[in-house]
Amino acid sequence: MHQTTLHSEMLHLWYCAHNNKSDLITLFKHWPKPIHEIISQTASCDIAKIAVHDHNPIKKWHRANIVLIGDSAHAPLPTSGQGACQALEDVWHLVNCICEHEQKGINNTFEQFTQLRQKKTTEIIYAGRSLAKTIFNRDSDFCQQRNKVIKASSTKTTAQGLSQFWGQSLPLAINKL
């Protein structure tokens, strides 16, 4: 057996032995019956507990001839759904800044890039945190109110708002939905 495969198998076996399905069942004990059935019917080895993190916005994204982009500069929580999107936007904006500001030097170029991206990525980090607190809130009164507001909201208006938020500083003609 290849060394990498053997290592992966050993890691998988260790994880299966240390994954406590009962913790998950306890965590979701107040959820509807279909959730309990899904958990019960899922093999312990197929249940993965992962820790997710973001980091606070940083002010300086560059030093000398090195610039941070993507999660190294602005890591949002996965609940925002924006990690890869913002990394791609970084590349697009960085290329444009290099083309527009290269005569002013790399430090100026990186500073322009940071100024262009920082506000939006900071808002996305905080929006992701807010969304996560809303989604994973355990207070039943809060959850009932949240669900009531979501049910009463307009899908069209919500989609338009998200399009405007995510589309900030992009050269897109956002069609009206």
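Heads up: the structure comes first, above all this text.
Figured I'd write up the structure that's included with this text. (Residues numbered from 1 in each chain as written. Predicted model: local features only at pLDDT ≥ 70, side-chain atom pairs only at ≥ 80, totals over all residues. Heavy atoms only, no water.)

**Considerations on the environment of Phe110**
Mapped onto the elements, Phe110 comes out in helix α5 (residues 106–135). Since its relative accessible area comes to 5%, Phe110 is described here as buried. Residues Phe110 and His62 lie 48 residues apart in sequence; the distance between their C-alpha atoms is 6.4 Å. The residues contacting Phe110, other than those within four sequence positions of it, are His62, Ala64, Asn65, Ile66, Val67 and Leu94. (Helix = DSSP H or I, 4+ residues; strand = E, 2+ residues; numbered from the N terminus. Buried < 20%, exposed > 50% of the residue type's maximum accessible area, 1.4 Å probe, protein only. Contact = heavy atoms within 4.5 Å.)

**Some points on unusual backbone geometry**
Even without being a glycine, Ala64 presents a positive backbone phi close to 55°. Secondary-structure assignment places Ala64 in the loop between β1 (62–63) and β2 (66–67). Here Ser169, not a glycine, exhibits a phi torsion of approximately 60°, which is positive. Among the structural elements, Ser169 can be located in the segment after α7 (155–166).

Such coordinate-based values are descriptive only and should not be taken to indicate function.
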